[in-house]
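# Summary of the model geometry
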Amino acid sequence: MASPLKSLVCDDDRYQKCFKLFLERSSEHQCMRDFIHNTLPDILASVGSGKSLLNVIGVGSGEGLVDLEMLSQLCQKHPGVLVDNEVVEPSSQQLYKYKVMVGQKPDLEHITFTWNKMTASEFEEHWRQKNITKKADFIHMLQMLYYVKDPGATISFFQSLLDKNGKLLIILVSGESGWGKLWGTYRSQLCNEEISQCVTTADIKSLMDARGVPYQSYELQSHMDITECFTEGDQTGELLLDFLTEVLDFSQTASPELRQGVLQLLRDPQCSEEKGGRVLFNNNLGVIVLDALS
Ligand code: CQA
């Protein structure tokens, strides 16, 4: 039977509201930033190996805040190189914000931006049809593989675009995160496979192991303050619950059993820890780095 619950993804205004709140209540961007500053520079040191132009592809770049931080690390590691940056993002609002930000930054004259307002699979189609032979030195896909039909096929395609010494960076929630536990129990009731996949880095690692594709991996500690979820009728709590379940108006539309079950699991030590009267949901992220196929 089809789930009667509507996906949050169907209401972009509400999604953006939830997402903004999530960013305020979580350390998601901070932990990515720490990784970008502390670990990524070493990963980027070997890309390109002496080329004067580096090709970068950002898949699902959003507003581009995190992209620009990575580009800045890349430019610091390779002083004087030119960067050709392909941005792939289906949301025109997000792409617009990205363009505005680029227009306001003074120190980006070494980087050219190509704006692709499309999904990853449309980009793949476009690349194949135009018979583009350009290879990439650095490709990143941050928190986006949930939204493709076949994460394994998407990874294969983008990995095939890597030049010698190129790197593909994938970030998703970790299998050990609260998300992993929540989906382990409620996947069939919450996830609409047509819209998004409940995929974690644990799934991607199993897939790569099965294919015999080597990778490096990292775990990033992160949490999300979900305390308000447990106060009935609280507006903030309802937005956070929508984000956690990816269901539009979850409290209003889920059955009482599902609602109670989800709330109980969210509080459970498998998903969250209590600290100073706050409930902190485990939002740990996993990073996977792939080299060019040899
Ligand atoms: C849409 C869908 C997903 C979006 C979006 C818009 C998204 C961010 C911004 N706008 Cl229509 N996705 C996103 C961002 C962060 C993040 C996750 C997804 O951590 C991961 N999800 C599962 C762990 C959270 C629901």
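Within each chain, residue numbers correspond to sequence positions counted from 1 in written order. In keeping with the model being predicted, local features are shown solely for residues with a pLDDT of at least 70 and side-chain atom pairs are shown and tallied solely at 80 or more, while totals for entire chains, interfaces and linings include all residues. Note that the side-chain values use all heavy atoms of the structure and ignore hydrogens as well as water.

### Considering unusual backbone geometry
Positive phi is not limited to glycine here, since N165 has a value of about 70°. Every helix listed is a DSSP run of H or I at least four residues long, and every strand listed is a run of E at least two residues long, numbered separately from the N terminus. Summarising the element assignment, N165 is placed in strand β5 (residues 162-173). You can call N165 partly exposed: its relative accessible area is 31%. Phi angles above zero are rare outside glycine, and E246 is one such case at about 55°. The residue E246 is located in the loop between α10 (235-245) and α11 (250-253) in this model. Note on classification: 1.4 Å probe, protein chains only; a residue is buried when its accessible area is under 20% of the maximum for its type, exposed when over 50%, partly exposed between these limits.

### With respect to the packing of aromatic side chains
Two aromatic rings, drawn from Phe, Tyr or Trp (for Trp, its six-membered ring), form a pair once their centres lie within 6.5 Å of each other, and the interplanar angle then sorts them: stacked below 30 degrees, edge-to-face above 60, tilted otherwise. A complete count under the given rule lists 16 aromatic pairs for this structure. Measuring from centroid to centroid gives 5.8 Å for Y15 and F243, while their planes differ by 70°, and the two rings are edge-to-face. Placement of the pair is Y15 in helix α1 (residues 12-25) and F243 in helix α10, with a sequence separation of 228 residues. One exposure class covers both Y15 and F243, and it is buried. Between F113 and W115, the ring centres sit 5.4 Å apart and the planes meet at 10°, which makes this aromatic pair stacked.

### Quick notes on the packing of α1 against α10
It is the contact of α1 with α10, at a shortest axis distance of 9 Å, that shows an interaxial angle of 100°. Our classification of the angle between α1 and α10 gives roughly perpendicular. The residues of α10 that touch α1, namely those facing R14, Y15, K17, C18, F19, L21, F22 and R25, are T236, E238, L239, L240, D242 and F243. Following the grouping adopted for this structure description, the nonpolar residues are Ala, Val, Leu, Ile, Met, Phe, Trp, Tyr, Cys and Pro, the charged ones are Asp, Glu, Lys and Arg, and the polar ones are all others, Gly among them. Classifying every residue of the contact of α1 with α10 by side-chain character gives 8 nonpolar, 1 polar and 5 charged. Interaxial angle, 0 to 180 degrees, is taken between N-to-C directions of lines fitted to C-alpha atoms, where a helix line uses only the stretch in contact. Oblique is the label for any angle not under 35 degrees, not over 145, and not in the 65 to 115 range, which are roughly parallel, roughly antiparallel and roughly perpendicular in turn. By definition in these notes, contact holds between two residues if any of their heavy atoms fall within 4.5 Å.

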